[in-house]
Amino acid sequence: MLRGRQLKGGVFRGNYERTFMPGDGSCLFHSLACILDLRTASSVDPPGPPYCEDACGWSKRIRVGHRLREKIVDAGYAAYYRALDLPPGTVLSPAQAADPSTFADEALIAFTAHTLDITLYIVGSRTSVYAYPGRSATSPCALLAHTVAGSHFEPILPSDESSSVDYSCPLTGVVSGPTKSLLPATDPLLQDDLFQSAM
């Protein structure tokens, strides 16, 4: 089972852990695959072991994260990019967004949150949180740490596994199980001023 480093300070009060993810450019998608405990991100592959189980192994986890990225970009990023109507180079092009070695920018993060219908809270420090909303005020929420000069994401997971959120990924071929790492929008942690000010 993947375990992380306990976050003892601030609002986390030892109830959450930051978990290692590979820094290959797709760390946002590896983090989300971990949070969702994906079995597979392809309709071709048979569901394997859950992402967080030791039986999964890092090479399989990396493939699942890359496939998740591919599925998200294929879900309409090109149309989203055209609708932004920004000068070239302002945000990732569709080809850049699909490249597993390219770090996600704000446009890809926002598109990912909307596509998965998950509100993403990006924790940059003890005093800075950025929110990328899902499709509604009741979308489940995921916590991500943004580290190493703003270019690496790691999931922040509840230390205990007492709660779970029913979540069905809207992407075809993406198989997740009951996840204990998504928070309901009404979770007491998210009512803290640090998170409320991000919305």
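Residues numbered from 1 in each chain as written. Predicted model: local features only at pLDDT ≥ 70, side-chain atom pairs only at ≥ 80, totals over all residues. Heavy atoms only, no water.

1. Overview of the pattern of salt bridges
Tallied over the full model, the rule gives one salt bridge. One salt bridge connects Glu 154 with Arg 18, and the closest N-O pair in it is separated by 2.6 Å. Separated by 136 residues along the polypeptide, Glu 154 in strand β7 (residues 152–158) and Arg 18 in strand β2 (residues 16–18) bring together distant segments of the chain. Classification of Glu 154 by relative accessible area gives buried; the value is 8%. A residue is classified by how much of its surface remains accessible, and Arg 18, at 22% relative accessible area, is partly exposed. (Salt bridge = Lys/Arg side-chain N within 4 Å of Asp/Glu carboxyl O. Helix = DSSP H or I, 4+ residues; strand = E, 2+ residues; numbered from the N terminus. Buried < 20%, exposed > 50% of the residue type's maximum accessible area, 1.4 Å probe, protein only.)

2. Quick look at the pairing of β7
Burial analysis of β7 places seven of its seven residues in the buried class, the great majority of the element. Side chains of β7 alternate between two faces, with His 152, Glu 154, Ile 156 and Pro 158 and Phe 153, Pro 155 and Leu 157 buried alike. As paired strands, β2 and β7 are joined by three bridges and run antiparallel to one another. Residue pairing across strands places Arg 18 opposite Ile 156, the latter belonging to β7. Both strand β6 (residues 141–147) and β7 contribute to a ladder of five bridges, which runs antiparallel. Pairing of Leu 143 across the sheet is with Ile 156, part of β7. (Pairing = 2+ DSSP bridges.)

3. Remarks on the confidence of the model for the protein chain
Averaged over all residues, the pLDDT of the protein chain equals 83, while 82% of them reach at least 70. Averaged pLDDT values for the elements of the protein chain fall to 63 in strand β1 (residues 5–7) and rise to 96 in helix α4 (residues 94–98). (pLDDT = per-residue confidence, 0-100.)

4. Digging into the nonpolar core
Within the largest apolar cluster, 39 residues are counted, with the highest numbers of intra-cluster contacts made by Tyr 77 and Leu 120. Secondary structure elements with two or more residues in this core: α1 (27–35), α2 (58–74), α5 (106–116), β4 (119–123), β6 and β7. With seven residues, α1 is the largest single contributor of residues to this core. In contact with Leu 120, not counting residues within four places along its chain, are Leu 32, Ile 109, Ala 113, Tyr 130, Ala 131, Tyr 132, Ala 142 and Leu 144. In terms of nonpolar packing, the next biggest core, distinct from the first, is built from 18 residues, Phe 12, Tyr 16, Val 129 and Leu 189 among them. (Core = buried A, V, L, I, M, F, W, Y, C linked by side-chain atoms within 4.5 Å. Contact = heavy atoms within 4.5 Å.)

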